[in-house]
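# Structure at a glance
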Amino acid sequence: MTDIFAPEEAPVRTRRRRWPWVIVFTVLGIIIAAAVTGAVYLGHLSSLYDQAEKLPDSQVFPDPTTRPTVPAESPDGRNILLLGSDTRGSMGKNVEDIRGQRSDTIMLVHIPSDRSGVQIISIMRDNWVPIPGHGENKINAALSFGGVPLLVQTVEGIFEVPIDHVAIVDFEGFKGLSEAVDGVTLNNAIRFSSDGFDFAQGEITVEGDEALAYVRARYPFTDGDYQRVRNQQAFVKGLVGELISKDTLTNPARIADSVGAISKFLAVDSGLNAQVAAQLGLEMKDVRSEDMMFLTSPTNGTGTVGDQSIVVPDWDGLRALSDALKNDTVPQYAATQK
């Protein structure tokens, strides 16, 4: 395999730039909650989950005849590529419709082999990286060059781990989720107003349109997307906490409402069916919100290539993170970054 950890240096100059926003694989929270309610009820939940659009391998993964073999030292771990979209609306369209578009969010979700937690790695969409067959460009450009399969191949090349599953989530679905759990309680760091809603500093509860306004807000902040990322992390932590709380786990109807709320805004590869999701949930039944870790793929700041503003990858840092993913030592890696 080509050593992409030492690419040809791009001509860049450092300058300040905003970060894109973050979504986490909240579907896992639903799966975990569903699994611990018992196998009998999982039949009904499976039918709700299966409303999600199932994508054939040809629309998700690279051609197996050209896909390089990626070593995996932790074969029982799982890596899920999450693409977050704020534009697709309710699912039902062929995933090829996003060819030529750019995902709002790219995240690598790692589930270690011992199922002790979840590590969510946000990949900045302006990272300047090698894209197979297209030279160097922003990682997000892989979608326009070759759709989801090329993006999968690009991410596999950067981290040198296999992508086992792919999920595409429309952020609109989180509005319904917040309603299904009767609101999400979170700690809001900065008081602000957006879209007609006022958000006080401290502990607040958001639901429906208010929740959507909270996670989308960027312009009220002096640091723009930086604070939006922090707000969205606070929201997601609160949401996962609600999904796996006692109130939810003892209320099958609430779980069903949650699964139903997100499934129509979700598209997954055909291998991530209800049976696989339920098994994964059973294996992770002891995971709680504090076992979820948020990271950002290492970068060396921002710069420009020609007239494009880019994020400059930290290739040494990416090599270290790659090793951590392969060895299931991401928490130890994260501890060295503080």
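Residues numbered from 1 in each chain as written. Predicted model: local features only at pLDDT ≥ 70, side-chain atom pairs only at ≥ 80, totals over all residues. Heavy atoms only, no water.

### Some thoughts on the pairing of strand 15 (residues 308–313)
For strand 15, a buried count of five out of six residues is recorded, marking the element as mostly surrounded by other parts of the structure. Summarising the sheet, strand 14 (residues 299–305) and strand 15 pair through five bridges and their orientation is antiparallel. When the bridges of strand 15 are listed, Val305 appears paired with Gln308. Between strand 14 and strand 15, which pair antiparallel and follow one another directly, the connecting turn spans two residues, one of which, Gly306, has a positive phi of 65°. (Buried < 20%, exposed > 50% of the residue type's maximum accessible area, 1.4 Å probe, protein only. Helix = DSSP H or I, 4+ residues; strand = E, 2+ residues; numbered from the N terminus. Pairing = 2+ DSSP bridges.)

### Remarks on unusual backbone geometry
The phi torsion at Asp195 lies on the positive side, around 50°, for a residue other than glycine. Tracing the chain through its elements places Asp195 in the loop between strand 9 (192–194) and strand 10 (197–199). A relative accessible area of 61% means that Asp195 is categorised as exposed. Positive phi outside glycine occurs at Asp328, with the angle close to 55°.

### Here's the deal with the nonpolar core
Within the largest apolar cluster, 48 residues are counted, with the highest numbers of intra-cluster contacts made by Tyr49, Val206, Tyr214, Phe235 and Leu239. Among the elements that line this core, the one with the most residues is helix 6 (residues 225–243), at six residues. Residues within four places of Phe235 in sequence aside, it is in contact with Phe174, Ser178, Val184, Leu186, Val206, Ala211, Tyr214 and Val215. In this structure, Val129, Phe159, Trp315 and Leu321 belong to the second largest nonpolar core, which totals 36 residues. (Core = buried A, V, L, I, M, F, W, Y, C linked by side-chain atoms within 4.5 Å. Contact = heavy atoms within 4.5 Å.)

### Some remarks on the environment of Phe192
In this structure, Phe192 sits in strand 9. Along the primary structure Phe192 and Tyr214 are separated by 22 residues, whereas in three dimensions their C-alpha atoms are 9.3 Å apart. Those residues within four positions of Phe192 in sequence are excluded, and the remaining contacts are Phe197, Asp198, Phe199, Tyr214, Ala217, Pro220, Phe221 and Asn231.

### Topic: the pairing of strand 4 (residues 118–123)
The element strand 4 is largely enclosed, with a buried count of six among its six residues. Alternating residues of strand 4 divide into Val118, Ile120 and Ser122 and Gln119, Ile121 and Ile123, and every residue in both groups is buried. In terms of strand pairing, strand 3 (residues 105–111) meets strand 4 through five bridges, oriented antiparallel. When the sheet's bridge partners are listed, Leu108 is paired in strand 4 with Ile121. Hairpin connection from strand 3 to strand 4: six residues lie between these consecutive antiparallel strands, with Arg115 at a positive phi of about 55°. When strand 4 meets strand 13 (residues 292–296), the two strands line up parallel, connected through five bridges. For Ile121, the partnering residue across the bridge sits in strand 13 and is Leu295.

### Quick look at the confidence of the model for the protein
For the protein, the average pLDDT comes to 76, and 74% of its residues sit at 70 or higher. The low-confidence segment residues 1–26, where pLDDT is below 50, has 94 contacts with residues more than four positions distant or belonging to other chains. The low-confidence segment residues 31–40 (pLDDT under 50) makes 24 contacts with residues lying over four places distant or belonging to another chain. (pLDDT = per-residue confidence, 0-100.)

### Things to note about a negative patch on the surface
On the surface, Glu179, Asp182, Glu207 and Asp257 cluster together into a negatively charged patch. Tracing the chain through its elements places Asp182 in the loop between helix 4 (173–180) and strand 8 (184–188). (Patch = residues over 30% accessible without salt bridge, like charges linked within 9 Å, V, L, I, M, F, W, Y side chains within 5 Å. Areas by Shrake-Rupley, 256 points an atom, 1.4 Å probe, with all protein chains shown as cover. Salt bridge = Lys/Arg side-chain N within 4 Å of Asp/Glu carboxyl O. Lys, Arg positive; Asp, Glu negative; His and termini not counted. Charge placed at Lys NZ, Arg CZ, Asp CG, Glu CD.)

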